[in-house]
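# Understanding the architecture of this molecule
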Amino acid sequence: MYQKLTPKQKALTINLDPTIYGTFAEIGAGQETVRHFFRAGGASATIAKAMSAYDKDFSDAIYGKEVKNRYVTQNRLRKMLRYEVALIEERISRENHPNRKYFSYANTVTTINFDKTLKGHGWVGIRFQSEVDAQYNEIVIHVKFKENDATLQQETLGNLGVNLIYGAYKYSDNPRILIESLYDDIAKDNLEIDMIDFSGPVFEYVDNRLMSLQLVKNGMTDAVVFNSEGNNMLPADLLYKKNIFAVRGSFRPVTKVNIDMLQNGIDMFMKDSDCTQEQTEIFIEITISNLRADGDIDERDFLDRVDVLGKLGYTVIISNFSEYYRLIDYFSTYTNGHIGVAMGVNNMLMVFDEKYYKNLSGGILEAFGKFFRNDMRVYLYPYKDPETQELLDSSTLKVGDNLKELYKYFKTNERIVDITNYNPHYLEIYSRDILRKITCNIQGWENQVPEGVAEMIKERSMFGYKKELSLKQFS
C-alpha cells in the first residue's frame, strides 16, 4: 500500500534494513541525497561510501573522460552507476556478507547559474539488486529544475534521491506508484521529470513508453518523446539547434492522408528553409486530450497507435499542449532553427477560434505571437467536403469576420501556405469513416492506410477489429 513518508522517514527505513547496502556518488550539487541518510541515523549499515567527484580532472580519473567534455549526460550517469557497483562487488566479500543487496546511487547535475539564465538540469539514477545475488536493475531519470535558487534546487535534488532509492526497493513491483512517489515532499512547480527509463529483470515487463505517458498524464512534464524503436528519448537531445517539422493528429488509424500531408509538407519545408533531412527532426504529435477523447486513456490503444507510427519510421511526441501555440513555444525553448507544422483545414479553423485563448491576457494576439514566432510556417492540406464536394484551402476557408484581416496578414506574408502537390484521390479518405468500418468489421478500408498498417490492425485486433471466423474453427 502506498503511504507518503517524509525523506527522513524513508531514509531511516532504508538504513534499518540490514540487507540494503551501497554507495552514493553525487556530482555538481553537493551531497544532498546521502545527507538525509547520515542524519536519519543507522547509516553505518547502509552506506559503503559517499563521494562527490566535483573536480572534472578528479572525476575523469575515476570514470574516464567524456566526449566533448559533457558531464551532465545520461552516459556519464550510467558509467558512474556501473563503476560503483563493480567496485562494491570487487571490495566487499559476498562470503562475509551473504545477505546483502547492493546498490549504487548517482547523480550528475548543474544547478541554476549566477545570472539565473540557465535554470539547471541533471541525471539521477540507481542501480540495485531486488534480491540477494540477483542481477542488477536500473532506473534513470532526467530532471529540470524550476526554482530560482541553487540552495533550494539542491534540497529538491536531495529529496528526489531519497524518493528514488526508497521507491526502487519498496515499489519496484509497481512502477506507476514508484513514479508518483518521486514527488513526495516535492512540489511539481519545483521540478520537472521529462524522461524515465526502467531496465533490468525486475522491470522485464515494463513498457517505458507507458511510463513516459505517466509523466505527462500526472503533470510531471508537458511532453515526452520516443523514437521509432520505442526508446524513450530526452527531448533536448533531439531538438537542440535543429529544424523541426511536426504533424498533429489522432492517427486512429494513420491514413494515407496523414502520410501525404507529412511527406509533401516536409518537402516544401526543407525547400523553403534550405535545409536537409539530417538537419531536421520530424515529429508525429498526439496530445493527451486526444488520448482522452473517449474518456480515460486506453493504454492498449495508445501503444497500438505508437507501434504503427514506429513501424512507419516516425518519432512520436506525446504532449499536454491542447493549443498549437504551446507546442511551438515548447520547440522554441530548444532551438532557433526553422519550425514548420502541417495541418488540415479543420485544425486551422480551430487555430483561428478565439474561445481557445480566453486564458491568455493578450487573447488570440498573444497566442499568435507565440505560434508564428521565428518565421514558423503552416503547411495547409486541403479538405474536400463530402457533402458539397467543395475544396477548402487557404484561399477558400472562412474565419470569423473580426479575424479576416489578421488571417489575410499571415497568408500574404506566406506564414500560411498551401500544400499543392497532394494526391487528389486521398481527399476522399476520412479517418472516422475508416474507424467505423474497422469497428463494424466492414471491408474496403485496407487500401486507404499505408502499406503494412492494415495487417497490423488485423493481427492485433486494434480499434475493435474482429477477425473473421473460418469454417475450420467450427470443425
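Note on numbering: residues in each chain are counted from 1, in written sequence order. Only residues with pLDDT of at least 70 are given local features in this predicted model, and only at 80 or more are side-chain atom pairs given and counted; all residues enter the totals for whole chains, interfaces and linings. Only hydrogens and water are set aside when side-chain values are computed; all heavy atoms of the structure are taken into account.

Salt-bridge detection follows one rule: a side-chain nitrogen of Lys or Arg within 4 Å of a carboxyl oxygen of Asp or Glu. Across all of its chains, the model carries 31 salt bridges by this definition. A salt bridge links Glu-299 to Arg-176; its shortest N-O distance comes to 2.6 Å. Of this pair, Glu-299 sits in helix 11 (residues 299-311) while Arg-176 sits in helix 6 (residues 175-181), placing them 123 residues apart in sequence. Using a relative accessible area of 19% as the deciding quantity, one classes Glu-299 as buried. Here the term buried applies to any residue with accessible area under 20% of the maximum for its type, exposed to any over 50%, and partly exposed to those in between, with areas from a 1.4 Å probe on protein chains only. Note on Arg-176: relative accessible area 33%, which makes it partly exposed. Across the pair Lys-458 and Glu-446 runs a salt bridge whose closest N-O atoms are separated by 3.1 Å. Pair noted here: Lys-458 is in helix 17 (residues 453-460) and Glu-446 is in the loop between helix 16 (431-439) and helix 17, with a separation of 12 residues, a long-range link. Assessed through its relative accessible area of 22%, Glu-446 is described here as partly exposed. In the salt-bridge network here, residues are joined through shared partners; they are Asp-207, Arg-209, Arg-300, Asp-304, Asp-307 and Arg-460. Put simply, DSSP H or I for four residues or longer makes a helix, DSSP E for two residues or longer makes a strand, and each gets a number counted from the N terminus.

This part is about the environment of Asp-60. Summarising the element assignment, Asp-60 is placed in helix 3 (residues 56-63). Asp-60 gets classed as buried once you look at its relative accessible area, which sits at 11%. When the C-alpha positions of Asp-60 and Tyr-71 are compared, they lie 9.6 Å apart, and in sequence the two are 11 residues distant.

Let's shift gears to the sheet that holds strand 7 (residues 223-226). The strands making up a sheet associate through backbone hydrogen bonding, with each pair oriented either parallel or antiparallel. Pairing between strands is defined by DSSP: at least two bridges between them are needed. One open sheet holds the 8 strands; their spatial order is 8-7-11-10-9-12-13-16, and the pairing between them is mixed. On the outer flanks of this sheet lie strand 8 (232-233) and strand 16 (416-418), each paired with one strand and no other. As defined by bridge partners, strand 7 adjoins strand 8 across 2 bridges and the pair is classed as antiparallel. Counted as the bridge partner of Phe-226 is Asn-232 from strand 8.

What follows is about empty space enclosed by the protein. Both site types are read off a 1 Å grid over the protein atoms alone. A 1.4 Å probe that fits but cannot get out defines a cavity, while an open set with protein on both sides within 12 Å along at least five of seven lines defines a pocket; lining residues have an atom within 4 Å of a point. Grid points are joined across faces, edges and corners, and a volume is the space filled by probe spheres set on the points. Counted under the stated rule, the structure contains 1 cavity of 30 Å³ or more. For the largest cavity, the calculated volume is near 30 Å³. For the lining of the largest cavity, the element with the most residues is helix 11, which contributes 3 residues. Residues that form the lining of the largest cavity fall into these classes: 9 nonpolar, no polar and 1 charged. Each residue gets one of three labels, nonpolar for Ala, Val, Leu, Ile, Met, Phe, Trp, Tyr, Cys and Pro, charged for Asp, Glu, Lys and Arg, and polar for the others, Gly among them.

Below, the discussion takes up the nonpolar core. Membership of the largest hydrophobic core comes to 94 residues, with the highest contact counts inside it found for Ile-139, Leu-160, Leu-182, Ile-193, Ile-196, Phe-302 and Ile-318. Contact partners of Leu-182, with chain neighbours within four places excluded, come to Ile-141, Leu-160, Asn-163, Leu-164, Ile-193 and Ile-196. What makes a nonpolar core is a set of buried Ala, Val, Leu, Ile, Met, Phe, Trp, Tyr and Cys residues whose side-chain atoms join them at distances within 4.5 Å. Working rule for contacts: check all heavy atoms of both residues, and any pair within 4.5 Å makes them a contact.

Working definition: rings of Phe, Tyr and Trp (its six-membered ring) pair if their centres are within 6.5 Å, and the pair is stacked with planes under 30 degrees apart, edge-to-face with planes over 60 apart, and tilted otherwise. Considering all chains together, one arrives at 30 aromatic pairs under this definition. Look at Phe-103 and Tyr-169: their rings are 6.3 Å apart centre to centre, the planes differ by 80 degrees, and that puts the pair in the edge-to-face class. One end of the pair, Phe-103, is in strand 3 (residues 101-110); the other, Tyr-169, is in helix 5 (residues 150-170), with 66 residues separating them in the sequence. Pair check on accessibility: Phe-103 and Tyr-169 agree, each one buried. Taken together, Tyr-324, Tyr-325, Phe-352, Tyr-357, Phe-368, Phe-371, Phe-372, Tyr-407, Tyr-409 and Phe-410 form an aromatic cluster joined through their ring pairs. The positively charged end of Arg-100 is found above the aromatic ring belonging to Tyr-21, 3.8 Å away from the centroid. Cation placement over rings: the criterion is NZ of Lys or CZ of Arg within 6 Å of the ring centroid and within 35° of the ring normal.

Once that is clear, we can look at helix 7 (residues 208-217). Residues separated by three or four positions in an α-helix point in the same direction, a consequence of the helix having 3.6 residues per turn. Most of helix 7 is tucked away: 9 of the 10 residues are buried. For helix 7, the set of buried residues is Asn-208, Arg-209, Leu-210, Met-211, Ser-212, Leu-213, Gln-214, Leu-215 and Val-216. Regarding helix 7, its N-cap is Asp-207, as a side-chain oxygen of that residue lies 2.9 Å from the backbone nitrogen of Arg-209 further along. Gly-219, located one to two residues past helix 7, shows a positive phi value of around 75 degrees. Here a polar contact is recorded for every N or O atom pair within 3.5 Å, except that within protein the pair must consist of a potential hydrogen donor and a potential acceptor, and residues adjacent in sequence are included only if both atoms are side-chain atoms.

With mixed pairing, the 6 strands of this open sheet are ordered in space as 2-1-3-4-5-6. Both outer strands of the open sheet, strand 2 (47-51) and strand 6 (191-199), are each paired with one neighbouring strand and no more. Shown here is a sheet whose adjacent strand axes are inclined to one another by a mean of 10 degrees, direction ignored. Examined bridge by bridge, strand 1 (residues 20-27) and strand 2 share 4 bridges and lie parallel to one another. Among the inter-strand pairings, Thr-23 is bridged to a residue of strand 2, identified as Lys-49. Note on definitions: angles span 0 to 180 degrees between N-to-C directions of axes, and those axes are lines fitted to C-alpha atoms, for helices only across the stretch in contact. Across the sheet, helix 4 (residues 74-91) touches strand 1, strand 2, strand 3, strand 4 (121-129), strand 5 (136-145) and strand 6, and the angle it forms with strand 3 is around 150 degrees.

Along the chain, Met-376 turns up in the loop between helix 14 (363-371) and strand 13 (377-381). Between the alpha carbons of Met-376 and Met-195 there is a distance of 27 Å; along the sequence they are 181 residues apart. With sequence-adjacent residues up to four places away left out, Met-376 is seen in contact with Ile-328, Ile-339, Val-341, Phe-371 and Arg-415.

Moving on to the packing of helix 1 (residues 7-15) against helix 2 (residues 32-40). It is at 8 Å that the axes of helix 1 and helix 2 come closest, and there the two elements cross at 70 degrees. Put simply, helix 1 runs roughly perpendicular to helix 2. Every residue of helix 2 that contacts helix 1 at Pro-7, Lys-8, Ala-11, Leu-12, Ile-14 and Asn-15 is listed here: His-36, Phe-37 and Ala-40. Partitioned by chemical class, the residues of the contact of helix 1 with helix 2 number 6 nonpolar, 2 polar and 1 charged. Each angle gets one of four labels, with under 35 degrees taken as roughly parallel, over 145 as roughly antiparallel, 65 to 115 as roughly perpendicular, and the rest as oblique.

All right, on to unusual backbone geometry then. Omega for the peptide link from Arg-252 to Pro-253 comes to 0 degrees, which places this bond in the cis form. Note that Pro-253 resides in the loop between strand 9 (243-248) and helix 9 (256-273). Look at Ser-461: it is not a glycine, yet its phi comes out positive at around 55 degrees. Relative to the assigned elements, Ser-461 resides in the segment after helix 17. For Ser-461, a relative accessible area of 36% corresponds to the partly exposed category.

Moving on to the confidence of the model for the protein chain. A residue's pLDDT is the predictor's confidence in that residue, given on a scale from 0 to 100. Confidence in the prediction for the protein chain averages 92 pLDDT; 98% of positions are at 70 or higher. Averaged pLDDT values over the elements of the protein chain bottom out at 84 in helix 3 and peak at 98 in strand 13. Taken together, the stretch residues 469-475 has pLDDT below 50 and engages in 2 contacts with residues farther than four places along the chain or on a different chain.

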